[in-house]
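Chain and residue survey
Chain residues, written in single-letter form:
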Amino acid sequence: MKELEKISAQLIRDLCSCRDCRDEISGQRMRSVMDLSPELLVLDVAATSSGFRFTLNDKHEVELQRDTIEEILEGFSDINWRSEASKVLWDRDHAPRTVFHWSDIQEDSHDLYQLLDQLLVYGFALVENLPVRDRAVIDLIHRFGYERVTNYGDIFDVRVENNPNNLAFTNLAIAPHTDNPYRDPVPTIQALHCLESSVTGGNSGLVDGFRAAHLLREENPDAFDILSNSLFNFEYRNPTTYLSASAPIIKVDVTGEIIEVRWNDRSMQAPISEIQVDIVYDALRSFAILVNDARNCHTFKLNTGDCVIFDNTRTLHARTAFDSGGKRHLQGAYADLDSAISKHAILEEMLEA
Ligand code: OGA
Ligand code: ZN
Ligand code: ZN
């Protein structure tokens, strides 16, 4: 009981879930913080069968469950799926090798939960046997959420084009990168589905950008500081589109934890606004060395019907060059983490029940 005295009367009042304070159906708060008086006091506390009843000096009685009290006293907070604190970091030798099968994740199932869990914890998942047809990648995204439509449409094709406006549409190698850093907000999930692959080369690579940022912080804290505390500009232009966004390469939250990596050699602009530009180049180079280190890259070949899905705020993707003899066709789409996190939570509750 002594412990209960530590709890703020305003917090107790705010947590009241009676009909006057919370809407019965939606559970939404019907009061404003302006209704909370800083003069509030707890006059009396009584145990109930499931928790405690607090009588306040505004004559309101607030019942709180034992669980709620424990959460307050222990300083409980929900897991933050965007933060490095919720991740398992990996290198080439520790990347998960699990392969998911489309037939198993077509319905709400343990397999779909496992796929989303791996996406959230490790930053990617590989699905086999996604039907080799136009737009099947959208079917995968619809298992947990919604496609993000951009100026590229709801899907985009990656294959060799005649007058490519992006190096992705050539047979050249593409270094590890995150997609669309020139957007605000950036698409947080990307899926790439292989519809055709009869080339030599064109292997896929994935790099844990959070681990690269974590290593940079250990090995070269000054460089980490520059990449996380300066704005870098990213741009995309074609005759009808001019996208531009400024952001740090490594984003940290208020607690200093890494929450986002934005990295793309092709669309990052030269840091012309920086006075100490050579120091900035040193920092960029230090990060690039980590990102491009083969020991950090999980390499595999996307075969026809395979689809890789990844967290585009963490996992960098790459491909090796390929010969121009055969054909290679990927179809990609963007989606967002919020719905993947939601589906993961709902499936977790469903599977626990
Ligand atoms: C892209 C891309 C990878 C590949 O289109 O953004 O990175 O394997 N493609 O072709
Ligand atoms: Zn109330
Ligand atoms: Zn890409």
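Residues numbered from 1 in each chain as written. Chains lettered and ligands numbered in written order. Predicted model: local features only at pLDDT ≥ 70, side-chain atom pairs only at ≥ 80, totals over all residues. Heavy atoms only, no water.

If you tally the helices and strands in the protein chain, you get nine helices and 17 strands. If you line up the protein chain on its principal axes, its C-alpha atoms span 80 × 55 × 45 Å. Taking all 353 residues of the protein chain together, the buried fraction comes to 46%. Approximately 18,200 Å² of the protein chain is accessible, and the part contributed by carbon and sulfur atoms is 49%. (Helix = DSSP H or I, 4+ residues; strand = E, 2+ residues; numbered from the N terminus. Buried < 20%, exposed > 50% of the residue type's maximum accessible area, 1.4 Å probe, protein only. Areas by Shrake-Rupley, 256 points an atom, 1.4 Å probe, with all protein chains shown as cover.)

Glancing now at the pairing of strand β5 (residues 124-128). The element β5 is extensively covered by neighbouring structure, given that four of its five residues are classed as buried. Here strand β4 (residues 99-101) pairs with β5 via three bridges, running parallel. What sits directly across from His101, in β5, is Glu128. (Pairing = 2+ DSSP bridges.)

Here we take up the site of ligand 1. The environment of ligand 1 is formed by Val158, Ala168, His177, Asp179, His317, Arg319, Arg328 and Leu330. Residue His317 places a side-chain N or O atom 3.0 Å away from an oxygen atom belonging to ligand 1. Protein burial of ligand 1: of its 290 Å² of free accessible surface, 95% is covered by the chains. Among the elements of the structure, β16 (315-319) and β17 (328-335) are those that each provide at least two residues to the shell around ligand 1. Considered class by class, the residues forming the shell around ligand 1 number three nonpolar, two polar and three charged. (Near = heavy atom within 4 Å. Polar contact = N/O pair within 3.5 Å; in protein donor to acceptor, adjacent residues only side chain to side chain. Nonpolar A, V, L, I, M, F, W, Y, C, P; charged D, E, K, R; others polar.)

Let us now look at the environment of Asp44. Among the secondary structure elements, Asp44 is positioned in strand β1 (residues 42-47). Given the relative accessible area of 42%, Asp44 is considered partly exposed. With 51 residues separating them along the chain, Asp44 and Ala95 place their C-alpha atoms 55 Å apart. Once you skip the residues sitting within four places of it in the chain, Asp44 turns out to touch Arg53, Phe54 and Thr55. (Contact = heavy atoms within 4.5 Å.)

This part is about the sheet that holds strand β9 (residues 204-208). Here four strands make up an open sheet; going across it, the order is β7-β16-β9-β14 and the pairing antiparallel. The open sheet has two edge strands, β7 (174-177) and β14 (297-300), and neither has a second partner. Sheet twist, expressed as the mean angle between neighbouring strand axes with direction ignored, is 20°. The sheet contact formed by β7 and β16 spans two bridges and is antiparallel. Its bridge partner being in β16, Ile174 is matched across the sheet by Arg319. (Axes fitted to C-alpha atoms, helices over the stretch in contact; angles between N-to-C directions.)

The next subject is the sheet that holds β4. Overall, mixed pairing links the six strands, which are arranged β4-β5-β15-β8-β17-β6 in an open sheet. Each of the sheet's edge strands pairs with one partner strand only, and the pair in question is β4 and β6 (156-158). Pairs of neighbouring strands in the sheet enclose a mean axial angle of 25°, with direction left out of account. Contacts from helix α4 (residues 110-122) reach β4, β5, β8 (189-197) and β15 (307-311) within the one sheet, and its direction differs from that of β5 by about 145°.

Moving on: the coordination of the zinc ion (ligand 2). Coordination sphere of the zinc ion (ligand 2), protein contribution only: Cys16 (SG), Cys18 (SG), Cys21 (SG) and His60 (NE2), at 2.1 to 2.3 Å. Geometry at the zinc ion (ligand 2) is tetrahedral, judged from its four donor atoms and the angles of 105 to 115° they form at the metal. All donors of the zinc ion (ligand 2) belong to a single chain; written as a sequence motif, their spacing is C-x1-C-x2-C-x38-H. Residue Cys21 is classed as buried on the basis of its relative accessible area of 3%. (Donors = N, O, S within 2.8 Å, 3.2 Å for Na, K, Ca; no water. Tetrahedral: all angles 85-135°; square planar, octahedral: opposite > 155°, others 65-115°.)

What follows is about the coordination of the zinc ion (ligand 3). The zinc ion (ligand 3) binds to the protein through His177 (NE2), Asp179 (OD) and His317 (NE2); the donor distances cover 2.0 to 2.1 Å. For the zinc ion (ligand 3), the donor residues sit on a single chain with the sequence spacing H-x1-D-x137-H. Its relative accessible area of 4% is what places His177 among the buried residues. The exposure class of Asp179 is buried, given its relative accessible area of 11%.

Bringing the domain arrangement of the protein chain into the picture now. What the domain assignment reports for the protein chain is domain 1 (2-74) and domain 2 (84-349). Look at where the C-alpha atoms of domain 1 and domain 2 centre, and you get two points 44 Å apart. (Domains from an automatic or database assignment.)

Two elements in contact, helix α6 (residues 209-219) and helix α7 (residues 221-229), have axes whose closest approach is 5 Å; the angle formed by their N-to-C orientations is 130°. Between α6 and α7, the angle is such that the two are oblique. Contacts between α6 and α7 involve Ala213, Leu216, Arg217, Glu218 and Glu219 from the former and Pro221, Ala223, Phe224 and Leu227 from the latter. Within the contact of α6 with α7, the residues separate by chemical class into six nonpolar, no polar and three charged. (Parallel < 35°, antiparallel > 145°, perpendicular 65-115°, else oblique.)

Below, the discussion takes up the nonpolar core. Ranked by size, the top nonpolar core spans 30 residues in total, and within it Leu116, Leu140, Phe144 and Ile189 carry the most contacts. Elements supplying a minimum of two residues to this core: α3 (102-105), α4, β5, α5 (136-141), β8, β15, β17 and α9 (337-352). In terms of residue count, the dominant contributor to this core is α4 (seven residues). Leu215, Leu227, Phe234 and Val280 belong to the second-largest nonpolar core, a separate cluster that totals 28 residues. (Core = buried A, V, L, I, M, F, W, Y, C linked by side-chain atoms within 4.5 Å.)

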